[in-house]
Amino acid sequence: MTINNSEKEIELLDIFEEEKIEVPQKEIKKDNSKLKYPKYDSFEKKLMRKIIPIVVMIIVSAISLFKIFDYIANNKETFKELSTSNYFVCLSDNEYYELECQPENMQYLAGETKTIKYNVSYNALYNYNVDKKYNYDIVADLDIYSDEENSKTLIHKSEKIVSNKMVKMQGSYHTINDTVTIPFSKYYNLIQSYENKYGVLTKSTFKITFKVNNKDISSINMNLGRSTYKIDKQDTKNSSIIDKSLKESLTSELMVYIIVFAVSSIVSIILLINIIYFLIRYTPKKSSYQNSLKEILKNYDRIIVEIKDVKPLIQDKPIIKVKTFLELVDLRDTIDRPILHVRINSIKDAFYVNDADKIYEYVMKDNN
């Protein structure tokens, strides 16, 4: 029995229909998750975080430098000081003098002198307000010598009539006033008693000194050895003096500003170098990425639509990721839909093609 060609062809077709082999198609993975990107700080934010500290350090340096010059210009450790004094010599009862207390610049009878009233005043003038503590004394010193040339001291007696009196003052002008009564006859009788006991002729000096912070400010001096004497007075003239305690406090305070200026300047330099390094490191890479992005946006401008947020368009739609921008262009040409462009951050951009039941995504990222 002969089978013609047409019948053979029919039998082969039947076989193929019965044993049809299905060719496996490549499955496209679908990502149903919502668009979530890790939090990323842009280049601008990173740069701003580096700029703010250096601005703060520069401000601190400027303020401390201003303080340094202000201290040098206005805060001086010198001040003006002067003293004034007067005295009255008060006599015992006698028939020769009408006034009990005689004024200054006279000759006085040693045997008739009872007391000496001594008034002292100290004044200090600063360029600015300061807080100061003063301790002052009024001291009586008696020295007895033999009545010979170049003789040495036989007796020295020292007594504090006012002892370690303290006052505190605030402001630019400070003043101390006090009045004391010197028992002159007490010291003169000691001289007479010594001469009578040892039968020697003596000469003596009697000095009253007003001391402020252990410094001689005013004094009155008497040479005794004859029946009469005169008083020499010495006061501090108006002169510029270095305040050692104030100098130490100013120096320590000034050193704080110098240290702050030095530290803030060094930190500013370090931060500036860090910013320069940051710009050198990241600016070229950013430019390379932006150039590639610019080329895409320029060449495919007619089919790209810029949007701010793609989420409202792709709610609950599966996302299919493609590897290259050209694949996305091919898909766009197939389904005739525009390419949507979203700016994610400075180193990442995303492109989408929105199909009816899914969305295609291409993410462009700077991997440098």
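Residues numbered from 1 in each chain as written. Predicted model: local features only at pLDDT ≥ 70, side-chain atom pairs only at ≥ 80, totals over all residues. Heavy atoms only, no water.

Peer 1: So what exactly am I meant to see when it comes to helix α3 (residues 184-198) here?
Peer 2: Side chains three or four residues apart in an α-helix point the same way, a direct result of the helix having 3.6 residues per turn. Taking 1.5 Å as the rise per residue, α3 with 15 residues should run 21 Å; its terminal C-alpha atoms sit 22 Å apart, in good agreement. Within α3, the full set of buried residues consists of Phe 184, Tyr 187, Tyr 188, Ile 191, Tyr 194 and Glu 195. For α3, the angular spread of the buried residues around the axis is 120°, confining them to a single face. Away from its buried face, by an angle of more than 90 degrees, α3 presents the exposed residues Asn 196 and Lys 197. Gly 199 lies just past α3 and shows a positive phi near 60°. (Helix = DSSP H or I, 4+ residues; strand = E, 2+ residues; numbered from the N terminus. Expected span 1.5 Å × (residues − 1). Buried < 20%, exposed > 50% of the residue type's maximum accessible area, 1.4 Å probe, protein only. Arc of directions from axis to C-beta.)

Peer 1: Before we go on, may I ask you to explain the packing of aromatic side chains in this structure?
Peer 2: The description of an aromatic ring pair rests on the distance of the ring centres and on the angle between the ring planes. Evaluation of the coordinates by the stated rule reveals 13 aromatic pairs. Here Tyr 194 and Tyr 198 contribute two aromatic rings whose centre-to-centre distance is 4.8 Å and whose plane-to-plane angle is 45°, an arrangement assigned as tilted. Residue Tyr 194 and its partner Tyr 198 are located together in helix α3, separated by 4 residues, close to a single helical turn. Given a relative accessible area of 17%, Tyr 194 falls into the buried group. Seen in terms of ring centroids, Phe 325 and Phe 351 are 5.1 Å apart; in terms of plane orientation they differ by 70°. Their pairing is edge-to-face. Highlighted residues: Phe 325 in helix α5 (residues 325-335) and Phe 351 in strand β14 (residues 348-354), separated in sequence by 26 residues. Summarising the burial analysis for this pair, Phe 325 and Phe 351 share the class buried. Linked through ring pairs, Tyr 108, Phe 184, Tyr 187, Tyr 188, Phe 206 and Tyr 229 together constitute an aromatic cluster. (Phe/Tyr/Trp six-rings, centres within 6.5 Å; stacked < 30°, edge-to-face > 60°.)

Peer 1: Please clarify how the sheet that holds strand β13 (residues 339-345) should be interpreted in this entry.
Peer 2: Backbone hydrogen bonds are what pair the strands of a sheet, in a parallel or an antiparallel way. An order of β11-β13-β14-β15-β12 is seen for the 5 strands of this open sheet, with the pairing classed as mixed. One side of each edge strand has no neighbouring strand; the edge strands of this open sheet are β11 (304-306) and β12 (319-321). The mean inter-strand angle of the sheet, taken between neighbouring strand axes irrespective of direction, is 35°. Of the pairings in the sheet, the one linking β12 to strand β15 (residues 359-365) comprises 3 bridges and is parallel in character. When the bridges of β15 are listed, Ile 319 appears paired with Ile 359. (Pairing = 2+ DSSP bridges. Axes fitted to C-alpha atoms, helices over the stretch in contact; angles between N-to-C directions.)

Peer 1: How should unusual backbone geometry be read in this particular structure?
Peer 2: With the exception of glycine, most residues fall at negative phi, and the peptide bonds are largely trans. Phi angles above zero are rare outside glycine, and Asn 105 is one such case at about 60°. Mapping Asn 105 onto the fold places it in the loop between β2 (101-102) and β3 (108-109). On the basis of relative accessible area, Asn 105 is assigned to the exposed category, the value being 69%. A positive phi angle, near 45°, is found at Asn 164, a position not held by glycine.

Any functional reading would require information beyond the geometric quantities listed.
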